[in-house]
Amino acid sequence: MGIVTRPAGARVRVTFRGEVIADSLGAIAMEEGAYPVVYYFPRQDVKMEKLARTAHSTHCPYKGDASYYSIAGGPQNAVWSYEAPKPAMQSIKGLLAFYPDKVDSIAAG
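Residues numbered from 1 in each chain as written. Predicted model: local features only at pLDDT ≥ 70, side-chain atom pairs only at ≥ 80, totals over all residues. Heavy atoms only, no water.

Caption draft 1: How the structure looks around the sheet that holds strand E7 (residues 64–71). Strand order in this open sheet of seven strands is E1-E4-E5-E9-E8-E7-E6, and the pairing throughout is antiparallel. Since the sheet does not close on itself, it has two edges, and those belong to strand E1 (3–7) and strand E6 (51–60), each with one partner. On average, each strand axis in the sheet is tilted by 30 degrees relative to the strand beside it, whichever way the strands run. The pairing of strand E8 (residues 79–81) with strand E9 (residues 96–98) spans three bridges and is antiparallel. Counted as the bridge partner of Ser-81 is Leu-96 from E9. (Pairing = 2+ DSSP bridges. Helix = DSSP H or I, 4+ residues; strand = E, 2+ residues; numbered from the N terminus. Axes fitted to C-alpha atoms, helices over the stretch in contact; angles between N-to-C directions.)

Caption draft 2: Seen up close, the nonpolar core. Membership of the largest hydrophobic core comes to 19 residues, with the highest contact counts inside it found for Val-14, Phe-41, Val-46, Leu-51, Ile-71, Val-79 and Phe-98. At the level of secondary structure, the elements contributing two or more residues to this core comprise strand E2 (12–16), strand E3 (19–24), strand E5 (38–41), E7 and E9. Examining the composition of this core, we find that three residues originate from one element, E2, more than from any other. When near neighbours in sequence (up to four residues on either side) are disregarded, Phe-41 contacts Val-12, Val-14, Ala-22, Ser-24, Ala-27, Val-46, Leu-95, Leu-96 and Phe-98. Counting residues in hydrophobic clusters, the runner-up holds 13 residues, among them Tyr-40, Trp-80, Met-89 and Leu-95. (Core = buried A, V, L, I, M, F, W, Y, C linked by side-chain atoms within 4.5 Å. Buried < 20%, exposed > 50% of the residue type's maximum accessible area, 1.4 Å probe, protein only. Contact = heavy atoms within 4.5 Å.)

Caption draft 3: Molecular detail of the environment of Glu-19. Among the structural elements, Glu-19 can be located in strand E3. Once the C-alpha coordinates of Glu-19 and Tyr-40 are considered, the two residues, 21 residues apart in sequence, prove to be 18 Å apart.

Caption draft 4: The arrangement of the pairing of E2 in detail. With four of its five residues buried, E2 lies for the most part within the structure. Bridge count between E2 and E3: five bridges; the pairing is antiparallel. Following the sheet pairing, Phe-16 is matched in E3 by Glu-19. The turn linking E2 back onto E3 is made up of two residues, and Arg-17 within it adopts a positive phi angle of 50 degrees. With four bridges joining them, E2 and strand E10 (residues 105–108) adopt antiparallel strand pairing.

Caption draft 5: Focus on the layout of surface pockets. Looking at the largest pocket, its volume works out to about 440 Å³. If you go around the largest pocket, you meet 21 residues; those closest to its centre are Glu-32, Pro-36, Val-38, Trp-80 and Tyr-99. Secondary-structure elements contributing two or more residues to the lining of the largest pocket are strand E4 (28–32), E5, E6 and E9. Class assignment of the residues belonging to the lining of the largest pocket gives a composition of 18 nonpolar, one polar and two charged. (1 Å grid on protein atoms, 1.4 Å probe; cavity = no way out; pocket = protein on both sides within 12 Å on 5 of 7 lines; lining within 4 Å. Points joined across faces, edges and corners; volume = space filled by probe spheres on them. Nonpolar A, V, L, I, M, F, W, Y, C, P; charged D, E, K, R; others polar.)

Caption draft 6: Representation of the packing of aromatic side chains in the model. Tallied over the full model, the rule gives three aromatic pairs. Taken together, the aromatic side chains of Tyr-40, Trp-80 and Tyr-99 make up a single cluster linked through ring pairs. (Phe/Tyr/Trp six-rings, centres within 6.5 Å; stacked < 30°, edge-to-face > 60°.)

Set out below in structure tokens:
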């Protein structure tokens, strides 16, 4: 499986219920086969006070173990992070990604 990470090269924003909850010029874009591009955000560019860690976790054989966050007053497990990713995925270590179907929008440009 080919996974490519690179700087997004654009401002990327996430909105939820009309509020911007992530806004970054330093996001990382991940391309993974036929899947849509996923943007990973530095924590300093995310309104962390809007997120609450959950006990949910998953494992990816390529990236490692993911931790999850819910959006306050919103969907559960809407955000994930690889806090100790596999060596080849260090570019996303500690960054946050949002499920597009659990937020209003994820827009680059």
